[in-house]
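As a plain string of letters, each chain reads:
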Amino acid sequence: MEHKTHENDIIVYEKDLDLDETLDCGQAFRWRKIRSDYLCTYEGSFLDSRLTVSQSGEHEFIFHNISEEEFLGKWADYFDFGTDYTALKRQFSEDKTLRAACGFAGGIRLLRQDAWECLISFIISQNNNIPRIKGIIERLCGHYGHFPTPGELAAETPDSLAFLRSGFRAKYICDAAKRTAEGSADLAAIAAMPLDEARTELKKICGVGPKVAECVLLYGMHRTEAFPIDVWIKRVLAEYYPDGFPEYLSENAGIAQQYLFHYIRMKQEQTA
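Here the structure is a predicted model, which is why all the values come from computation and not from measurement. (Residues numbered from 1 in each chain as written. Predicted model: local features only at pLDDT ≥ 70, side-chain atom pairs only at ≥ 80, totals over all residues. Heavy atoms only, no water.)

### Description of the overall build of the protein chain
Okay, step 1: Within the protein chain, the secondary structure is distributed over 13 helices and 6 strands.
Okay, step 2: Against the compact-globule benchmark of 19 Å for 272 residues, the protein chain has a radius of gyration of 19 Å, which places it among compact chains.
Okay, step 3: C-alpha extents for the protein chain along the principal axes are approximately 55 × 45 × 40 Å.
Okay, step 4: The buried share among the 272 residues of the protein chain stands at 52%.
Okay, step 5: In the protein chain, the proportion of contacts linking residues at least 24 apart, taken out of those at least 6 apart, comes to 65%.
Okay, step 6: With the model as given, the accessible surface of the protein chain reaches about 12,800 Å², and the carbon-plus-sulfur share is 48%.
Okay, step 7: With 31 positive and 42 negative side-chain charges, the protein chain shows a separation of 7 Å between the mean positions of the two kinds. (Helix = DSSP H or I, 4+ residues; strand = E, 2+ residues; numbered from the N terminus. Rg over C-alpha atoms; globule rule 2.2 N^0.38 Å. Buried < 20%, exposed > 50% of the residue type's maximum accessible area, 1.4 Å probe, protein only. Contact = heavy atoms within 4.5 Å. Areas by Shrake-Rupley, 256 points an atom, 1.4 Å probe, with all protein chains shown as cover. Lys, Arg positive; Asp, Glu negative; His and termini not counted. Charge placed at Lys NZ, Arg CZ, Asp CG, Glu CD.)

### Here we look at the packing of helix H5 (residues 115-124) against helix H6 (residues 130-144)
Okay, step 1: The geometry of H5 relative to H6 is characterised by a closest axis approach of 9 Å and an angle of 130° between their N-to-C directions. Relative to H6, H5 is oriented oblique. H5 and H6 meet at a crossing whose hand is right-handed. Between H5, through Ile120, Ser121 and Ile124, and H6, the contact on the second element is made entirely by Ile133, Ile136, Ile137 and Leu140. (Axes fitted to C-alpha atoms, helices over the stretch in contact; angles between N-to-C directions. Parallel < 35°, antiparallel > 145°, perpendicular 65-115°, else oblique. Left-handed = near helix turned anticlockwise from the far one by under 90°.)

### Observations regarding helix H12 (residues 231-240)
Okay, step 1: By the burial criterion, the buried members of H12 are Trp232, Ile233 and Val236. Taken down its axis, H12 places every buried residue within 95° of arc, on the same side. Away from its buried face, by an angle of more than 90 degrees, H12 presents the exposed residues Lys234 and Ala238.
Okay, step 2: Where H12 begins, the side chain of Asp230 points an oxygen toward the backbone nitrogen of Trp232, at a separation of 3.1 Å. (Arc of directions from axis to C-beta. Polar contact = N/O pair within 3.5 Å; in protein donor to acceptor, adjacent residues only side chain to side chain.)

### Overview of helix H11 (residues 210-220)
Okay, step 1: Burial analysis of H11 places 9 of its 11 residues in the buried class, the great majority of the element.
Okay, step 2: Of all the residues in H11, the buried ones are Val212, Ala213, Glu214, Cys215, Val216, Leu217, Leu218, Tyr219 and Gly220.
Okay, step 3: Looking one or two residues beyond H11, the residue adopting positive phi is His222, at roughly 55°.

### Concerning the sheet that holds strand S1 (residues 2-6)
Okay, step 1: Strand order across the open sheet formed by 6 strands is S1-S2-S6-S5-S4-S3, with antiparallel pairing between neighbours. Since the sheet does not close on itself, it has two edges, and those belong to S1 and strand S3 (31-34), each with one partner. Taken over all neighbouring pairs, the strand axes of this sheet differ in orientation by 25° on average, direction set aside.
Okay, step 2: Pairing of S3 with strand S4 (residues 40-46) involves 4 bridges; the strand directions are antiparallel. By the bridge assignment, Arg32 is partnered in S4 with Glu43. (Pairing = 2+ DSSP bridges.)

### With respect to the nonpolar core
Okay, step 1: The biggest cluster of nonpolar side chains holds 65 residues, and the ones touching the most others in it are Phe92, Leu119, Ile120, Leu153, Leu202 and Tyr259.
Okay, step 2: If we ignore the near neighbours within four places in the chain, the residues touching Phe92 are Leu98, Arg99, Cys102, Tyr248, Leu249, Asn252, Ile255, Ala256 and Tyr259. (Core = buried A, V, L, I, M, F, W, Y, C linked by side-chain atoms within 4.5 Å.)

### Points about the environment of Ala188
Okay, step 1: The residue Ala188 is located in helix H9 (residues 187-192) in this model.
Okay, step 2: Residues Ala188 and Leu39, 149 residues apart in the sequence, show an inter-C-alpha distance of 38 Å.

### Topic: the pattern of salt bridges
Okay, step 1: As enumerated under the stated definition, the model contains 13 salt bridges in all.
Okay, step 2: A salt bridge links Arg112 to Asp80; the shortest N-O distance between them is 2.9 Å. Remark: Asp80 occurs in the loop between helix H2 (68-78) and helix H3 (85-92) and Arg112 occurs in the loop between helix H4 (96-104) and H5; sequence separation between them is 32 residues.
Okay, step 3: Here Arg112 falls in the partly exposed class, since its relative accessible area comes to 28%.
Okay, step 4: Residues joined by salt bridges that share partners form a network here, namely Asp77, Asp80 and Arg112. (Salt bridge = Lys/Arg side-chain N within 4 Å of Asp/Glu carboxyl O.)

Okay, here's the thing in structure tokens:
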């Protein structure tokens, strides 16, 4: 990544990023696309920080109205600009299917999200679609004026969260908040555990099953060996990897999964 300041903006040059592919692929739910004169523009939030970012060219991006200090201190890490995705895709492309997936959507990056925000977001995501997930999270943040802390949510009950219209998920939100607030679910400690232990600890939270646990590990704790499996990835594994996912990719299997998920989902939509 290269960057420079221009008036109140930060201009970033990065060949391994596409905003549509990264911000609208189901890994984060606090971004919305807005109309602009650029190729695309998104408004979104990470914890209590808001950002407007535009893609002005194939490899050029504008981070609007932020200082270089804020960009380097928060957003460069959030967009994982410290990781060499060119090298990752070169490694992935030793596999025929992943070579096609990387060629199809080579601008996907794994966002480095907050573990707490990610936990609540993916509890909300269960048996849900992206517009509804975004709506619930928007109501949650609108009610508090920010993404609530574990302590704030621990004071709620499923009845008091009725305004979210989150259905059965409300009781899971409350349980996650209470466990996190009291420390029985120590997310920082879980993030540092061996992967199987971390999975076990996360699944002690009501409503956190295997898929949500993997999503929290991958998207909220940057455990790139975590591998969420949904209906799309099940299809990929059945069709292209009946003998198992390549072992040599295990360290970054979660990032590889991002390319495969987008590839198979978009391919299916295009042929439907």
